[in-house]
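Breakdown of the fold
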Amino acid sequence: MTQEISKKHFEIRLVTEDEVQFLCDLAAGEGWNPGLRDIQCFYQADKTGFYIGLFNDEPIACISAVKYGSDYGFIGFYIVREPWRGKGYGLQIWNHAMASLEDRIIGLDGVVDQQDNYIKSGFRLSHRNIRFEGTPVVDLPTTKSLVDIRSLPEQQVIVFDEKYFSGNRQSFMKAWLNEEGHVGFSYIEKNEIQGYGVIRPYSDGYKTGPLFAETPEIAEIIFHALCNKVDGGKIILDVPEINAAGLALAERFQLMQSFETARMYKGEKPDLPLDKIYGVTSFELG
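Residues numbered from 1 in each chain as written. Predicted model: local features only at pLDDT ≥ 70, side-chain atom pairs only at ≥ 80, totals over all residues. Heavy atoms only, no water.

Naming follows an unreviewed UniProt entry, where the chain appears as GNAT family N-acetyltransferase of Kiloniella antarctica.

Below you can see the structure in the form of structure tokens.
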């Protein structure tokens, strides 16, 4: 009976630019706290990677399946509104998104109560990402080795970023670095980038991401500078659990663990330098 109703009334299609905010609104309702202008940047990553599910023209579900280059994709924003859960619509939009990423390595950050379902779909655990949040204690001035990220050639930052991410995300990076409200710093040594970080506002404070650095000391210098820019605001930092120095960084700034996800992959796990990833860009797009 559910299948007959679904075929007759349930439609899955690409999200239009006017509708894309719906995904962030649903995510905010789930307590995921996306950045205020995250979705505008996400949409630039792959305009064919966002889907909406409608029942009798009412939006009830969404998912993203963003393609990075030819070999990698990332699933996010997998949400079904509460009254429509358990009726098969979530599985339909999931299968639709997965089919769009066929023959690619696929990543996702799974919430705890969905991880068994992802395993059934062929995903395997790589590591946990731990969310820390709070009002950090900041007591150091900004170092001269830091520069505003927008003062650097855009391509220089993108090339550095490629060492820390699994696929080509140039379109996303161009939007992310230049989006209104986003602030970023790079650490420069001998005219080379040794680390960078970005902070942006969300509904209750600020989110850090990414925070990539060649050493723990550089990561701390960048994070200090980002915290200084928001002057005592609440901050979120999402750290791969495998990065012990990243966990210690969050603790030194007196941030408290509040949430976790499982980074999972279908296909071969990318070989990423997790010990140099101090802040995940986002749980929605990797």
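Moving on to the pairing of strand β11 (residues 235–240). Successive residues of a regular strand alternate their side chains across the two faces of the sheet. Burial of β11 is extensive: six of the six residues sit out of reach of the surface. Alternating residues of β11 divide into Ile235, Leu237 and Val239 and Ile236, Asp238 and Pro240, and every residue in both groups is buried. Relative to β11, strand β6 (residues 124–134) runs antiparallel, the two being bridged by six bridges. If you follow Arg131 over to β11, its bridge partner there is Asp238. Relative to β11, strand β10 (residues 205–213) is paired through three bridges, and the arrangement is parallel. Bridging across to β11, Thr208 finds its partner in Leu237. Between the parallel pair β10 and β11, the chain is carried across by helix α8 (residues 216–230), and the sense of this crossover is right-handed. (Buried < 20%, exposed > 50% of the residue type's maximum accessible area, 1.4 Å probe, protein only. Helix = DSSP H or I, 4+ residues; strand = E, 2+ residues; numbered from the N terminus. Pairing = 2+ DSSP bridges. Right-handed = clockwise from strand over helix to strand, strands pointing away.)

Moving on, we come to empty space enclosed by the protein. Counted by the stated rule, this structure contains two cavities of 30 Å³ or more. Roughly 120 Å³ of volume is contained in the largest cavity. Lining the largest cavity are 17 residues, with Tyr164, Arg263, Leu272, Ile277 and Val280 positioned closest to its centre. Those elements that provide at least two residues to the lining of the largest cavity are β6 and β12 (256–266). Of the residues belonging to the lining of the largest cavity, the class tally is ten nonpolar, five polar and two charged. Estimates place the volume of the second largest cavity at around 50 Å³. Ile158, Asp161, Glu162, Phe165, Gly167, Asn168, Arg169, Gln170 and Met173 together form the lining of the second largest cavity. At the level of secondary structure, the elements contributing two or more residues to the lining of the second largest cavity comprise α6 (154–161) and α7 (170–178). Residues of the lining of the second largest cavity, tallied by class, amount to three nonpolar, three polar and three charged. (1 Å grid on protein atoms, 1.4 Å probe; cavity = no way out; pocket = protein on both sides within 12 Å on 5 of 7 lines; lining within 4 Å. Points joined across faces, edges and corners; volume = space filled by probe spheres on them. Nonpolar A, V, L, I, M, F, W, Y, C, P; charged D, E, K, R; others polar.)

Before going further, it helps to spend a moment on the layout of surface pockets. Considering only enclosed or pocket space, the largest pocket measures out at about 710 Å³ in volume. Around the largest pocket, the lining is made up of 30 residues, and of these Tyr78, Ile79, Val111, Gln114 and Tyr118 lie nearest the centre. By residue number, the principal contributor to the lining of the largest pocket is strand β4 (residues 72–80), which donates six residues. Considering only residue class, the lining of the largest pocket consists of 15 nonpolar, nine polar and six charged.

So, about the packing of aromatic side chains. Considering all chains together, one arrives at 22 aromatic pairs under this definition. When the centroid spacing of 4.8 Å and the interplanar angle of 40 degrees are considered together, the rings of Phe55 and Trp84 count as tilted. Placement of the pair is Phe55 in strand β2 (residues 50–55) and Trp84 in the loop between β4 and α4 (89–100), with a sequence separation of 29 residues. An aromatic cluster of three or more residues is present, and its members are Phe10, Phe55, Trp84 and Tyr89. The ring of Phe165 is capped by Arg169, whose NZ or CZ atom sits 4.0 Å from the centre of that ring. (Phe/Tyr/Trp six-rings, centres within 6.5 Å; stacked < 30°, edge-to-face > 60°. Lys NZ or Arg CZ within 6 Å of the ring centre and 35° of its normal.)

Turning to the nonpolar core, a few remarks are in order. Ranked by size, the top nonpolar core spans 46 residues in total, and within it Phe50, Phe77 and Tyr196 carry the most contacts. Those elements that place two or more of their residues in this core are α2 (21–29), α3 (38–45), β2, β3 (58–68), β4, α6, α7 and β9 (192–202). Every residue in contact with Phe50, bar those within four places of it in the chain, is listed here: Arg13, Leu14, Val15, Leu23, Ile39, Phe42, Tyr43, Ile63, Ser64, Val66, Phe77 and Leu285. Among the nonpolar cores identified, the runner-up in size contains 25 residues, and Phe185, Leu226, Leu247 and Phe253 belong to it. (Core = buried A, V, L, I, M, F, W, Y, C linked by side-chain atoms within 4.5 Å. Contact = heavy atoms within 4.5 Å.)

Per the counting criterion, the structure on display carries 16 salt bridges. Among the salt bridges present, the one from Arg85 reaches Glu82, with a minimum N-O distance of 2.8 Å. Of the charged contacts, one joins Arg169 and Asp161 as a salt bridge, the two residues approaching to 2.8 Å between their closest N and O atoms. Exposure remark for Arg169: the relative accessible area of 4% places this residue in the buried category. Three or more residues are tied together by salt bridges with common partners; here these are Glu30, Glu82 and Arg85. (Salt bridge = Lys/Arg side-chain N within 4 Å of Asp/Glu carboxyl O.)

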